[in-house]
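Architecture at a glance
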Amino acid sequence: MCQVDEEYNGQLEHRVTPRVSKKCVKCKENTAVLIIRAGDAFCRGCFKEYFIHKFRAMLGKNRVIFPGEKVLLAVSGGPASSSMLSQVQEGLSRDAPKKLRFVPGIIYIDEGGASGQSMEERERAVAQLESVFRATNYHYHIVHLEQVLSLPSSVLDAGSSATEKPQTGSSYKAAVDQFIQTKKNQHPDLSVENAQSHLSSLSMHEVENGVTSPITPEHTQALQKLFASVRTLTAKEDLLHTLRQHLILHTARTQGYTKVMMGDSCSRLAIKLLSNISLGRGASLATDTGFSDPRYGDVVIVRPMRDYSSKEIAYYNRMFDIPSVFIPGLDTKAQDKASIQHLTESFVTKLQTDFPSTVSTIYRTSEKLHTACPPQNTNTQPFAKCLLCVCALDTKLEEFSAYQATLISEQLSQRRGPASSASQGQCCSSGGGQHQGCMTGEGGCCSSAKSTVDLKSLLCYSCRLTIKDMVNALPQYILSEAERRKRRSQMREEISEFLLDEEEDEAIPRVNGSL
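Note that the structure is predicted; figures quoted are calculated from it, not measured.

Thresholds applied
- Just so you know, the residues in each chain are numbered from 1, in the order the chain's sequence is written.
- Two thresholds apply to this predicted model, a pLDDT of at least 70 for residue-level local features and 80 or more for giving and counting side-chain atom pairs, whereas whole-chain, interface and lining totals are computed over all residues.
- Computation of side-chain values: all heavy atoms of the structure, hydrogens and water removed.
- Numbered from the N terminus, helices here are DSSP runs of H or I no shorter than four residues, and strands are runs of E no shorter than two.
- The buried label goes to any residue with under 20% of its type's maximum accessible area, the exposed label to any with over 50%, and the partly exposed label to all in between, with areas taken from a 1.4 Å probe on protein chains only.
- The criterion used for residue contact is that any of the two residues' heavy atoms lie within 4.5 Å.
- In these tables, accessible area is a Shrake-Rupley quantity obtained with a 1.4 Å probe, and a residue counts as shielded only by the protein chains included in the view.
- For every residue, the predictor states its confidence as a pLDDT score lying anywhere from 0 to 100.
- Two strands pair if DSSP finds at least two bridges between them.
- We define a salt bridge as a contact between a side-chain nitrogen of Lys or Arg and a carboxyl oxygen of Asp or Glu at a distance within 4 Å.
- Every axis corresponds to a line fitted to the C-alpha atoms, with the helix fit spanning only the stretch in contact, and the corresponding angles, defined between N-to-C directions, vary from 0 to 180 degrees.
- Comment on the angle field: the value is read as roughly parallel under 35 degrees, roughly antiparallel over 145, roughly perpendicular from 65 to 115, and oblique elsewhere.
- By convention the crossing between two helices is left-handed if the near helix lies anticlockwise of the far one by an angle smaller than a right angle, and right-handed if it lies clockwise.
- Three classes are used: nonpolar for Ala, Val, Leu, Ile, Met, Phe, Trp, Tyr, Cys and Pro, charged for Asp, Glu, Lys and Arg, and polar for all others, with Gly counted as polar.
- Pairing of aromatic rings covers Phe, Tyr and the six-membered ring of Trp, with a centre-to-centre limit of 6.5 Å; geometry is then stacked below 30 degrees between planes, edge-to-face above 60, and tilted otherwise.
- Here, a charge over a ring means that NZ of Lys or CZ of Arg falls within 6 Å of the ring centre while also lying within 35 degrees of the ring normal.
- What a helix should span is 1.5 Å times the count of its residues minus one.
- By construction, the arc corresponds to the directions joining the helix axis to the C-beta atoms.

Brief notes about the overall build of the protein
Summing up its helical and strand segments, the protein has 21 helices and 8 strands in all. Per-residue burial for the protein yields a buried fraction of 41% across its 515 residues. The contacts in the protein between residues at least 6 apart in sequence include a share of 71% that link residues at least 24 apart. Of the accessible surface of the protein, which amounts to about 29000 Å², a share of 52% is contributed by carbon and sulfur atoms.

Some remarks on the confidence of the model for the protein
With 70% of its residues at a pLDDT of 70 or more, the protein shows a mean pLDDT of 78. In the predicted structure, residues 162-167 sits below a pLDDT of 50 and forms 6 contacts with residues beyond four places in sequence or in another chain. Here residues 439-444 is modelled with pLDDT under 50, and outside its nearest four sequence neighbours on either side it reaches 10 contacts, counting other chains as well.

As for the pairing of strand β1 (residues 34-37)
Summarising the sheet, β1 and strand β2 (residues 40-42) pair through 3 bridges and their orientation is antiparallel. Looking across to β2, one finds that R37 is bridged to D40. Hairpin connection of β1 to β2: 2 residues between the antiparallel strands, including G39 at a positive phi of 90°.

Considerations on the pattern of salt bridges
With the rule as written, the count across this model stands at 19 salt bridges. E312 is the partner of K54 in a salt bridge, and the nearest nitrogen-oxygen pair spans 3.3 Å. Linking K54 in helix α2 (residues 44-62) with E312 in helix α13 (residues 310-319), this pair joins segments that are 258 residues apart in sequence. One exposure class covers both K54 and E312, and it is buried. The closest approach of N and O atoms between E111 and R244, which form a salt bridge, is 2.5 Å.

A word on the sheet that holds strand β5 (residues 139-144)
Strand order in the open sheet formed by 6 strands is β5-β4-β3-β6-β8-β7, with mixed pairing between adjacent strands. Each of the sheet's edge strands pairs with one partner strand only, and the pair in question is β5 and β7 (292-293). Relative to strand β8 (residues 300-302), strand β6 (residues 259-261) runs parallel, the two sharing 3 bridges. Among the inter-strand pairings, K259 is bridged to a residue of β8, identified as V300. The strands touched by helix α5 (residues 119-136) are β4 (103-110) and β5; relative to β4, the strand with the most contacts, the crossing angle is about 175°.

Concerning the pairing of β4
Burial of β4 is extensive: 8 of the 8 residues sit out of reach of the surface. Side chains of β4 alternate between two faces, with V103, G105, I107 and I109 and P104, I106, Y108 and D110 buried alike. Looking at chain direction, strand β3 (residues 70-74) and β4 are connected through 5 bridges and run parallel. The residue bridging A74 from the neighbouring strand is I107, located in β4.

With respect to the packing of helix α3 (residues 79-92) against α13
Two elements in contact, α3 and α13, have axes whose closest approach is 10 Å; the angle formed by their N-to-C orientations is 60°. For the element pair α3 / α13, the angle class is oblique. Here the hand of the crossing between α3 and α13 comes out left-handed. Residues P79, A80, S83, S86 and Q87 of α3 lie in contact with α13, whose contacting residues are I313, Y316 and N317. Each residue belonging to the contact of α3 with α13 can be placed in one class, and the counts come to 4 nonpolar, 4 polar and no charged.

Description of the environment of T289
For T289, the location among the structural elements is in helix α12 (residues 285-289). Considering only alpha carbons, one finds T289 and N276, 13 residues apart in sequence, at a separation of 9.8 Å. Look past the residues within four positions of T289 in its chain and what remains in contact with it is L269, L273, R303, R306 and S366.

Brief notes about the side chain of S83
Structurally, S83 can be placed in helix α3. If near-sequence neighbours (up to four positions away) are discounted, S83 is found in contact with F51, M305, I313, Y316, N317 and I322.

Re the packing of aromatic side chains
What characterises a pair of aromatic rings is the spacing of the ring centres plus the angle enclosed by the ring planes. The tally for this structure, following the rule as stated, stands at 8 aromatic pairs. On the numbers, 4.3 Å between centres and 35° between planes, the contact of F51 with Y308 is tilted. Pair noted here: F51 is in helix α2 and Y308 is in the loop between β8 and α13, with a separation of 257 residues, a long-range link. Given the relative accessible area of 0%, F51 is considered buried. For Y308, a relative accessible area of 0% corresponds to the buried category. Grouping aromatic residues by their ring pairs yields a cluster made of F42, F47, Y50, F51, Y308, Y316 and F320. The ring of Y308 has K54 lying over it, and the distance from NZ or CZ to the ring centre is 5.2 Å. Over the face of the ring belonging to Y257 we find K70, whose NZ or CZ atom lies 4.6 Å from the ring centre.

Considering helix α20 (residues 476-494)
With 19 residues, α20 extends 27 Å from end C-alpha to end C-alpha; this agrees with the ideal 27 Å at 1.5 Å per step. Of the positions making up α20, those classed as buried are Y477, I478, E481, A482 and R485. Taken around the axis of α20, the buried residues stretch over an arc of 135°, which confines them to a single face. The outward face of α20, more than 90 degrees from its buried face, is lined by the exposed residues Q476, M491 and E494.

Structure, rendered in structure tokens:
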């Protein structure tokens with residue numbers, strides 16, 4: 001048997017295992033404790049400064065949040081959103097050199113009803129998150145997903161952005177100077193810091209009664225029935241994301257928030273970009289993955305964590321004891337091929353292990369994308385936006401396009417033979433008689449099919465695929481808004497002969513602002 005140590009002890013070269021650099025690459029003095037990327041070794045203090053500076057730089061570079069605005073932090077309990085909450089606390093603390101000047105609030109959407117959690121498990125998760133929220137002294141909102149069934153149809157309308165400040169460098173600087181001057185002239189008790197303290201000093205009884213509404217078993221059963229009617233996990237996750245956005249938007253409007261912070265990290269956005277392309281959302285990639293998303297008009301969604309990788313967030317939370325709560329979701333313990341989103345996440349994660357620049361390459365590519373559709377603002381007509389995701393419709397294309405080719409393929413594949421045509425009149429029963437709820441809008445097969453056909457013209461391509469996998473109808477507020485848009489569209493067609501086009505309207509000379 002070969003004895004390596006005896007015969008070749010002096011000739012073999014021992015492989016040196018890579019170790020963390022002894023010195024930090026930034027301060028060159030302290031011992032490094034972690035490596036973010038190859039060659040980027042940081043000590044504890046420098047890593048904290050680097051992490052905080054990146055968050056401040058993201059907000060300062062874009063200049064979307066103005067002083068005194070109310071900002072709603074969407075916290076799910078995960079590592080990224082918990083780290084975002086910690087950064088906001090750090091920026092609003094009295095020891096911060098450059099303090100943030102907005103008034104924060106927190107929202108948590110309890111999705112346990114859709115994922116099949118018991119009431120005890122949901123209450124336990126809410127109690128853990130409440131302990132975290134109470135420690136921040138911020139006004140928090142805990143909203144159950146069942147409340148989406150009672151939303152008003154106005155939540156799908158793009159709000160007016162007439163009061164929104166222009167997002168330019170000079171206007172932002174003028175707003176900051178005006179805010180500081182007003183702060184100096186006013187009584188100290190009316191400063192932003194004291195206003196935040198006063199808002200945080202509200203009793204928890206007032207906060208809970210103002211936000212959390214009791215849910216009944218009937219509401220939970222209706223929600224479970226809605227998600228049980230969706231055939232695929234891909235459509236379930238897409239529907240859950242849409243309903244979650246509607247709840248956050250409704251809470252922000254009713255509570256007076258003008259900005260919503262999401263905790264989407266760089267890794268999450270890279271996965272989202274690829275999965276959205278697979279789901280047919282290529283036309284809205286710029287708004288789905290960009291820093292700001294102004295599609296809702298009066299409420300703008302911002303993503304200040306988009307420069308952080310999941311590795312950086314995990315290191316920061318572990319080193320500085322940032323609390324997070326694990327809450328199982330729809331895709332928990334699911335196989336890799338269970339859904340398009342889960343498969344994309346597995347693919348990117350495994351590829352990132354062997355090629356560390358995968359996520360950053362995808363992320364940097366997303367920054368260069370621009371949509372060819374009309375800008376996502378409130379000037380777009382309501383019927384030109386998708387009913388569910390409120391993006392500009394990508395189905396109004398020319399005749400010779402990939403979308404039209406897809407529609408033709410679907411129509412050809414769905415053609416029925418003579419046997420199917422003969423049984424076309426039969427409905428809801430094998431005997432051909434109509435069911436009691438059929439064609440009456442009470443959940444029969446014909447009413448469900450009819451509502452799906454009516455909704456298609458109001459949806460983008462991806463949302464059409466989502467409702468295609470649904471059996472039951474959507475929540476009532478969505479159907480009400482669809483009916484309203486249908487009536488409005490019909491009325492517009494009736495009076496189309498008397499309407500002026502935009503080009504003709506601009507060509508008409510105006511005198512003193514009037515015709």
